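# Architecture at a glance
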There are 2 protein chains.
Amino acid sequence: MSQPDTKQRLLDAAESLFAAEGFHSTSLRAVTGKAEANLAAVKYHFGSKEALLEAVLNRRLVPLNQVRQERLEALRMAARQSGVRPATEAVLRAFIEPTLAFRDSGPGAEAFIQLVGRAIAEPDDTIRNLFMQLMKPLFLLIYDMLGEALPELSDTERFWRLHFSLGALSHATCLAGRFQILPAGVTPRPDADALTAMLVNFLKMGMEAPCD
Amino acid sequence: MSQPDTKQRLLDAAESLFAAEGFHSTSLRAVTGKAEANLAAVKYHFGSKEALLEAVLNRRLVPLNQVRQERLEALRMAARQSGVRPATEAVLRAFIEPTLAFRDSGPGAEAFIQLVGRAIAEPDDTIRNLFMQLMKPLFLLIYDMLGEALPELSDTERFWRLHFSLGALSHATCLAGRFQILPAGVTPRPDADALTAMLVNFLKMGMEAPCD
DNA sequence: TCCGCATTAAAACAAACGTTTGATTTATCC
DNA sequence: GGATAAATCAAACGTTTGTTTTAATGCGGA
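The paragraphs below set out a description of the structure included in this document. (Residues numbered from 1 in each chain as written. Chains lettered and ligands numbered in written order. Predicted model: local features only at pLDDT ≥ 70, side-chain atom pairs only at ≥ 80, totals over all residues. Heavy atoms only, no water.)

## Quick look at the overall build of chain A
The secondary structure content of chain A amounts to 9 helices and 0 strands. For chain A, the α and β elements follow one another from N to C terminus as α-α-α-α-α-α-α-α-α. With respect to the principal axes defined by its C-alpha atoms, chain A has extents near 60 × 45 × 30 Å. Looking at chain A as a whole, 52% of its 212 residues qualify as buried. The contacts of chain A with a sequence gap of at least 6 include a subset with a gap of at least 24, amounting to 73%. Summing over all exposed atoms, chain A offers an accessible surface of approximately 9100 Å²; the carbon and sulfur share of this is 52%. (Helix = DSSP H or I, 4+ residues; strand = E, 2+ residues; numbered from the N terminus. Buried < 20%, exposed > 50% of the residue type's maximum accessible area, 1.4 Å probe, protein only. Contact = heavy atoms within 4.5 Å. Areas by Shrake-Rupley, 256 points an atom, 1.4 Å probe, with all protein chains shown as cover.)

Here's what the structure looks like:
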């Protein structure tokens, strides 16, 4: 049980608890308890609770963002070489597919995606800035690519439609099967492919909606 | 400054602070300080911090939900009497229009809508259940009406598309102009009518997207 | 005026929090 | 194998938290 490093165990425990209970509601004693480590280990390995959160975010978000960025850049290159605009669906898929595929890559990853979904709406400025700083280049990139895919859209429309899409995505990932309300005949936990298909299909039409 | 009742001032202060800082991050001392009331007044008037949150939610959400429910019910009646299915756009508008109009009805209302946007993704089960219990009838109603508007949609598709829509709405209300990233040429704070138009226009197309 | 009730006020409660210290153990290298 | 550094540990730090108690205050009716 105690095979990985203490540092890794702390990251795993923090990831799981921050996702399930929220950052402020999770005590360091709960983290070190779950990680079977000493309370002071957090200060030794990270320095503070906030630095621990930063490490949790960095560990997974940097590689994930790199994948998403590569897919978007590849799309941009293909569009420039072929001379045709990138398809809206392809842009959305380049962002969403790696996100949900990563979510299904393990229990820690699923918790992390849930944590990220919450970070977007985080009230605490320090935490939200921590997250937004990591997301800003990617946000501007997909905002830019949507402008290439939909040049007739006004900046304001494009900005808000992107936020609507991010809201839909983060809500879908945040819920993580914890529905209070579940009507009959509903699949509560579709896998990554099924959810990606539904989400991209939905957002593509919204993105391409004509402006009144 | 201290004109309204202590009870009202506590509700106003709690609403504002819970929305801005989050429930767990807001201390009762901050609430009573802002309300210019004694700390023990919370226990006297409400009983506990959680009961204060419940009162904050009830004060505004019950009347707002009643308006939304009435508009949805009116739509259902009109559809039954005319024999034609309700329009998807009309169903969405019946829910979203009162929500955003209410948001613009005052600073307290805006904070409240922000608070509600957060409550959907709240990690704490007690809080989320508190909120979901108030929202459940309305959720089932709009889920039902979307089924009337889009009978060819599978239950799972309808369920998830509704959640995508709620995610987009809650994200848009939660942000409340607090953007970290704001590209040039973007209107950061559209009024209720403009945001409603953009949102309904976006979601209508997503809702009506053909299934593969 | 005096009584009774609703409200407010000050103070303290135990518990939990993030943080820090200093000693102890474990591992690494010469 | 002994010295040096890394890592872990128990314990306490001072604050802050929600809650509770008890006394004081304000106020309307007999």
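## Details of the interface of chain A and chain B
Contact residues are listed per partner, giving 58 residues for chain A and 58 residues for chain B. For the chain A and chain B pair, buried surface summed over both sides reaches about 5100 Å², with 67% attributable to carbon and sulfur atoms. Summed over the three residues of chain A that lose the most area to chain B, namely Phe164, Ile181 and Phe202 of chain A, the buried surface amounts to 16% of that side. One salt bridge connects Asp125 of chain B with Arg178 of chain A, and the closest N-O pair in it is separated by 3.7 Å. Remark: the boundary between chain A and chain B carries 17 residue pairs in polar contact (both at pLDDT 80 or more). Breaking the side of chain A that touches chain B down by element, the ones donating at least two residues are α1 (6-21), α7 (125-149), α8 (155-175) and α9 (192-207) of chain A. Among the residues forming the side of chain A that touches chain B, the class breakdown is 33 nonpolar, 14 polar and 11 charged. (Buried area = accessible area lost by both parts, 1.4 Å probe. Salt bridge = Lys/Arg side-chain N within 4 Å of Asp/Glu carboxyl O. Polar contact = N/O pair within 3.5 Å; in protein donor to acceptor, adjacent residues only side chain to side chain. Nonpolar A, V, L, I, M, F, W, Y, C, P; charged D, E, K, R; others polar.)

## A word on the side chain of Arg128 of chain B
Within the secondary structure layout, Arg128 of chain B lies in helix α7 (residues 125-149). If sequence neighbours within four positions are ignored, Arg128 of chain B has contacts with Arg178 and Gln180 of chain A together with Ala119, Ile120, Glu122 and Pro123 of chain B.

## Section: the relation of the copies chain A and chain B
You can overlay chain A on chain B at an RMSD of 0.0 Å; the transform is a turn of 180° with a shift of 0.0 Å along its axis. In the structure described here, the two chain copies are related by an operation that fits a two-fold rotation axis. Interface overlap between copies: 100% of the residues of chain A at the interface are likewise at the interface in chain B, consistent with a symmetric, same-surface contact. (Least-squares fit on C-alpha atoms with pLDDT ≥ 70 in both.)

## Some points on unusual backbone geometry
Negative phi values dominate among residues other than glycine, just as trans dominates among peptide bonds. All names here are of chain A. Unusually for a residue other than glycine, Glu36 sits at a positive phi of about 55°. Structurally, Glu36 is set in the loop between α2 (28-34) and α3 (41-45). For Glu36, a relative accessible area of 48% gives the class partly exposed.

## Digging into the pattern of salt bridges
Residue and element names in this part refer to chain A. Using the criterion set out here, one finds 32 salt bridges over all chains in the structure. For Glu73, the salt bridge is made with Arg76, and the minimal N-O distance between the two is 3.7 Å. Taken together, the positions of Glu73 and Arg76, both in helix α4 (residues 49-82) and 3 residues apart, correspond to about one turn of that helix. Residue classification places Glu73 among the partly exposed positions, given a relative accessible area of 27%. We classify Arg76 as buried; its relative accessible area is 13%. Measuring nitrogen to oxygen at the nearest pair gives 2.9 Å for the salt bridge that ties Arg93 to Glu97.

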